[in-house]
Structure formats: structure tokens, C-alpha cells
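An overview of the molecular structure
So the chains spell out like this:
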Amino acid sequence: MSGRKERLTVTVDPDLVAAGNDAVASGLADSLSGWVNEALATRAARDRRLTALAAAVADYESQFGEISPAEITDLRRTDQATAVVVRGRRSRTPRAATTKRTRRGVA
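Quick summary incoming for the structure in this document. (Residues numbered from 1 in each chain as written. Predicted model: local features only at pLDDT ≥ 70, side-chain atom pairs only at ≥ 80, totals over all residues. Heavy atoms only, no water.)

For the chain, the helix and strand inventory stands at 4 helices and 0 strands. In the form shown here, the chain has an accessible surface area of approximately 10,100 Å², with 54% of it arising from carbon and sulfur atoms. (Helix = DSSP H or I, 4+ residues; strand = E, 2+ residues; numbered from the N terminus. Areas by Shrake-Rupley, 256 points an atom, 1.4 Å probe, with all protein chains shown as cover.)

What follows deals with the packing of aromatic side chains. With the rule as written, the count across this model stands at 1 aromatic pair. Note on Y60 and F64: the rings are 4.8 Å apart at their centroids and 40° apart in plane angle, and the pair reads as tilted. Here Y60 and its partner F64 are both found in helix α2 (residues 32-64), 4 residues apart, which amounts to about one turn of the helix. For Y60, a relative accessible area of 42% translates into the label partly exposed. (Phe/Tyr/Trp six-rings, centres within 6.5 Å; stacked < 30°, edge-to-face > 60°. Buried < 20%, exposed > 50% of the residue type's maximum accessible area, 1.4 Å probe, protein only.)

Taken as a whole, this structure holds 2 salt bridges when the rule is applied. The partner of R43 in a salt bridge is D47, with the nearest N and O atoms 3.1 Å apart. Of this pair, R43 and D47 both sit in helix α2, separated by 4 residues, roughly a single helical turn. Salt-bridge contacts for R46 lead to D47; the nearest nitrogen and oxygen are separated by 3.7 Å. (Salt bridge = Lys/Arg side-chain N within 4 Å of Asp/Glu carboxyl O.)

Okay, helix α1 (residues 14-25) next. With 12 residues, α1 ought to run about 16 Å at 1.5 Å a step, and its terminal C-alpha atoms sit 16 Å apart, in line with that. Phi turns positive one or two residues past the end of α1, at G27, with a value near 85°. (Expected span 1.5 Å × (residues − 1).)

Okay, the layout of surface pockets next. By volume, the largest pocket amounts to about 710 Å³. Forming the walls of the largest pocket are 21 residues, and the residues nearest its centre are L8, S33, V36, N37 and L40. Listed by contribution, the elements that provide at least two residues to the lining of the largest pocket are α1 and α2. Examining the composition of the lining of the largest pocket, we find that 8 residues originate from one element, α2, more than from any other. Its residues assigned to classes, the lining of the largest pocket comprises 11 nonpolar, 5 polar and 5 charged. (1 Å grid on protein atoms, 1.4 Å probe; cavity = no way out; pocket = protein on both sides within 12 Å on 5 of 7 lines; lining within 4 Å. Points joined across faces, edges and corners; volume = space filled by probe spheres on them. Nonpolar A, V, L, I, M, F, W, Y, C, P; charged D, E, K, R; others polar.)

Right, here's the structure in full:
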């Protein structure tokens, strides 16, 4: 982003202002303006990605024909069948604590 900022007056829902102020209070944002600026940047990036995706789909369909609902359903089923599920580690008792109990014969 540029270093130069522009003052803006907007109307915002009270719950969103409260969420921004909570983010500032908890240290997740430096200021309400910074929090709003980041939200706008995130939205602008999302809109650019969606525009690029729409252009890619239009280009594909212009070359190969319209993607049918049946093709989308088939692809979704294939994706689900071949997906690899990745989960974080489960919380366990630290090894050191388990080892200590075993050494004392408590296990």
C-alpha cells in the first residue's frame, strides 16, 4: 500500500465498529483505521481473484464449450473421493511426564 492516506467518511454498522475496537483493544490491530484499511484491502484482493477466475472460466468455455452441471457434480465427487484430510496434532500428555511415571513403576 502507498504511504499516503486519504481521509474517508463512511457509515458503518455498530457491531462492526465494536469488532474493530475489540481488535484494537486485543492488539490485533494498531488502530480502527488500520483495521478498516486491512478489511478493504482483503476485499479488494478477493474481488480481483474472483474477476480473474471468472475470466479464466469464460476463456475455458469459449474454447471447450459451457461447463455443464453434470461435469461440475462429477468433478466434485472426484475431488471428495481423492481428497487428503490433514488435521493438526492431537493434544497429548507430554512424553517426559509419561516417562517419569513409567520409571517409578506407576504405569
